[in-house]
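# Architecture and fold: a report
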Amino acid sequence: MVIFMENIKKALLGFFGFFGGVGRDFIKGDIFVKLSALIMGIGFIRRRQYVKGILVTLFQLVIIVFIFSFAIPNLSKFPTLGTVKFEAVFNLETMRNEVNDFDHSFKILIYSLAAIVVLIAAAFFWLQNIRNVRKSEVLSREGKSLPSFLDEVRELRDKRFHVVLLSLPCLGIILFTIIPLLVMILVAFTNYDQQNMPPAALIDWVGFANFKTLFANTATSAFGYAFIKVLSWTLTWAVLATATCYIGGVMVSLLINSAKTKFKSLWRTMLVVSIAVPQFVSLLVVRNFFANTGIVNTYLSQWGVTDFLKDIGLVASHIDYVPFLTNPQWTKFMIVTINVWVGVPYLMLIATGILMNIPQELYESARIDGANPFRSFIHITMPYMLFVTAPFLVTSVVQNINNFNIIYLLTQDVYITTDQTLANVNAKEIDLLVTWLYRLTQEYYNYKMSSVIGIMVFIVCAIITLWAFNLVLKTNKEDKFQL
């Protein structure tokens, strides 16, 4: 957390330093620097940088047209998200339905957000332009030659080529990651759901009402109860899935790499083949295997295992199958177990690579000191494994919090919730936050609550990541493993 706060402090200092530099350049600059705040290219044109001056002036004109033709019409409706409702009237003369000029609330939200992002980017470009004009003025006063447009293009091609390469990925991140995330956040403060679906209906801002609903447990809403239940299982699942796969992968890797194990390549190949099969195919096949009428239950019934489980109370007496994917406790157990089968091969490969790089001098020194294989494993192998894989463990926990595939593909159209309170808010006992969010969105069109849950998923993952990485950095023992 300390490192995170230091990075935030540096970012804020750089942010405010930029604005301070713009202010100093504007005050100390000549009349053309000041006029460049109104006409962006005038300072460059004054110093015979004609191409650069014309280009930034054209950019300014494009932004002005964008403001009046796109930004203002949408931003003016942003506070209300529209007031004109959709209406269709049948025209007897044309014999067609004529639609009025209605407001599409969701488009207004998206277009307004896009306008804000463009205007913020244009504002930073405008401020940076003032600094560039001031830089040209200083060079001119010092008698130095100003770079031509071709010189600056060559500099971008040579010395600053990294800027050119990173510009497209950054633009992609803004368009396909940041803006959709901001849209999701804004939707959480609206009443966008199945009853308020544009264009047929308008959506309105509701403030923090949806967040209150998520944490409330009233006679009309059970979201508070469901959120606690789903969050508890999500965190439990994340820890169990990470721990079981990690321990299983290390154990399998140790067994395969043991000097007593024969046909090592065969065992590795068999495990790697399971990775080659697409996960969704494997999970759907496994779902059919463990269905109430699947092949596994057929054999268990024939072998008498089902009757034995009934006798010891693990299976209800009124059913003739093991409810692998239809009972809450059995389903959770099966999800963790199947995830071990899916996840261990990955961890086995990672652990194999790490084990091959542990210095053998450590084991030789341990044997000289009289340590047996178990003590060597406890004091050398596992500390080294944890040292190398600590960041991976942190990301694995976060990844398992959002592990949509294994939960959804194993239980969709198979598991039916027995908790009516959860069913009232479209949740299930085996849901993770991400599968609950998906179901609310795709099946029940409750976009407002799914957006709120999405924000909570981000907060949970951010807290876990910051806490875990801070703990990893504090307990870093790199010096103990460097020879």
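Worth saying up front: this structure is predicted, and the values here are computed from it rather than measured.

Conventions adopted
- Residues numbered from 1 in each chain as written.
- Predicted model: local features only at pLDDT ≥ 70, side-chain atom pairs only at ≥ 80, totals over all residues.
- Heavy atoms only, no water.
- Helix = DSSP H or I, 4+ residues; strand = E, 2+ residues; numbered from the N terminus.
- Rg over C-alpha atoms; globule rule 2.2 N^0.38 Å.
- Buried < 20%, exposed > 50% of the residue type's maximum accessible area, 1.4 Å probe, protein only.
- Contact = heavy atoms within 4.5 Å.
- Areas by Shrake-Rupley, 256 points an atom, 1.4 Å probe, with all protein chains shown as cover.
- Lys, Arg positive; Asp, Glu negative; His and termini not counted.
- Charge placed at Lys NZ, Arg CZ, Asp CG, Glu CD.
- pLDDT = per-residue confidence, 0-100.
- Domains from an automatic or database assignment.
- Buried area = accessible area lost by both parts, 1.4 Å probe.
- Salt bridge = Lys/Arg side-chain N within 4 Å of Asp/Glu carboxyl O.
- Disulfide = S-S within 2.5 Å.
- Core = buried A, V, L, I, M, F, W, Y, C linked by side-chain atoms within 4.5 Å.
- Phe/Tyr/Trp six-rings, centres within 6.5 Å; stacked < 30°, edge-to-face > 60°.
- Lys NZ or Arg CZ within 6 Å of the ring centre and 35° of its normal.
- Axes fitted to C-alpha atoms, helices over the stretch in contact; angles between N-to-C directions.
- Parallel < 35°, antiparallel > 145°, perpendicular 65-115°, else oblique.
- Left-handed = near helix turned anticlockwise from the far one by under 90°.
- Nonpolar A, V, L, I, M, F, W, Y, C, P; charged D, E, K, R; others polar.

Along the protein, the regular secondary structure elements total 21 helices and 2 strands. The C-alpha atoms of the protein give a radius of gyration of 31 Å, which is well past the 23 Å a tight globule of 483 residues would have. Dimensions along the principal axes, computed over C-alpha positions, put the protein at roughly 90 × 85 × 40 Å. Looking at the protein residue by residue over its 483 residues, the buried ones come to 36%. If you take every contact in the protein between residues at least 6 apart in sequence, the share linking residues at least 24 apart comes to 68%. For the protein, the exposed area adds up to about 28500 Å²; of that, 67% sits on carbon and sulfur atoms. With 39 positive and 29 negative side-chain charges, the protein shows a separation of 10 Å between the mean positions of the two kinds.

Moving on: the confidence of the model for the protein. Residues at a pLDDT of 70 or more form 94% of the protein, whose mean pLDDT is 85. Mean pLDDT across the elements of the protein bottoms out in helix H21 (residues 478-481) (52) and peaks in helix H4 (residues 50-75) (93).

The next point concerns the domain arrangement of the protein. By convention, interface size is frequently given as the accessible area that disappears when the constituent parts associate. Examined at the domain level, the protein breaks down into domain 1 (2-207) and domain 2 (213-290 + 325-481). Just the C-alpha atoms count here: the centres of domain 1 and domain 2 sit 41 Å apart. Between domain 1 and domain 2, the residue contacts involve 13 residues of the former and 12 residues of the latter. Overall, the association of domain 1 and domain 2 removes approximately 1000 Å² of surface from exposure, summing both partners, and the carbon and sulfur fraction of that is 73%. Inspection of the domain 1/domain 2 interface yields 1 salt bridge. Where Lys448 meets Asp193, a salt bridge forms, and the shortest distance between an N and an O atom there is 3.2 Å. Elements with a contribution of two residues or more to the side of domain 1 that touches domain 2: helix H1 (2-28) and helix H7 (161-187).

Looking now at the state of the cysteines. This structure, assessed with the given rule, holds 0 disulfides. Cys245 takes part in no disulfide bond, and the closest cysteine sulfur to it belongs to Cys461, at a distance of 17 Å.

A separate point is the nonpolar core. For soluble globular proteins, nonpolar side chains are generally found buried alongside one another. Trp237, Leu283, Val322, Phe324, Ile338, Ile406 and Leu410 are the most contacted members of the largest nonpolar core, which has 28 residues in total. Among the secondary structure elements, those contributing two or more residues to this core are helix H9 (223-257), helix H11 (279-289), helix H14 (328-355) and helix H17 (404-411). The element that contributes the greatest number of residues to this core is H14, accounting for 6 residues. If we ignore the near neighbours within four places in the chain, the residues touching Leu283 are Ile338, Val342, Asn405, Ile406, Leu409 and Leu410.

Attention now goes to the packing of aromatic side chains. Tallying each qualifying case throughout the model produces 23 aromatic pairs. Judged by centre distance (5.5 Å) and plane angle (85°), the ring pair of Phe324 and Trp330 falls under edge-to-face. The buried category is assigned to Phe324, whose relative accessible area is 6%. Assessed through its relative accessible area of 16%, Trp330 is described here as buried. Here the basic side chain of Lys332 rests over the ring of Trp233, its NZ or CZ set 4.9 Å away from the ring centre.

Across all of its chains, the model carries 13 salt bridges by this definition. For Lys52, the salt bridge goes to Glu152, with nearest N and O atoms at 3.0 Å. With Lys52 in helix H4 and Glu152 in helix H6 (residues 149-157), this residue pair connects regions lying 100 residues apart in the sequence. What makes Glu152 partly exposed here is its relative accessible area of 21%. One salt bridge in this structure joins Arg439 and Asp431, with 2.5 Å as the shortest N-O distance. By the burial criterion, Arg439 is buried, and Asp431 matches it.

A cis amide bond, omega 0°, links Pro198 with the succeeding residue Pro199. Looking at the secondary structure, you find Pro199 in the loop between H7 and helix H8 (209-215). For Asn426, which is not glycine, the phi torsion reads 60° and is therefore positive.

Interhelical geometry of H4 versus helix H5 (residues 105-141) gives an angle of 150° and a closest axis separation of 10 Å. With respect to H5, the element H4 is oriented roughly antiparallel. In the crossing of H4 with H5, the sense of the turn from one axis to the other is left-handed. Judged by residue contacts, Val56, Phe59, Ile63, Phe66, Ile67, Phe70, Ala71, Asn74 and Leu75 of H4 engage Ile108, Tyr111, Ser112, Ala115, Ile116, Val118, Leu119, Ala122, Phe125 and Asn129 from H5. When its residues are assigned to classes, the contact of H4 with H5 shows 16 nonpolar, 3 polar and no charged.

Mapped onto the elements of the fold, Asn327 is located in the loop between helix H13 (305-311) and H14. According to the relative accessible area criterion, Asn327 is partly exposed, its value standing at 24%.

On to the side chain of Ser282. Within the element layout of this structure, Ser282 appears in helix H11. Those residues in contact with Ser282, other than ones at most four positions away along the chain, are Val277 and Trp341.

The N-to-C vectors of helix H15 (residues 360-368) and helix H16 (residues 373-401) enclose an angle of 150°; their axes lie 11 Å apart at closest approach. Taken together, H15 and H16 sit at an angle that is classed as roughly antiparallel. Considering the relative orientation of H15 and H16, their crossing is right-handed. On the side of H15, the interface is formed by Leu362, Tyr363 and Ala366, while H16 contributes Ser376, Ile380 and Thr381.

Further remarks concern the environment of Ile120. On the secondary structure map, Ile120 appears in helix H5. On the basis of relative accessibility, which here comes to 45%, the residue Ile120 falls in the partly exposed class. When the C-alpha atoms of Ile120 and Ala462 are compared, they prove to be 26 Å apart, with 342 residues separating the residues in sequence.

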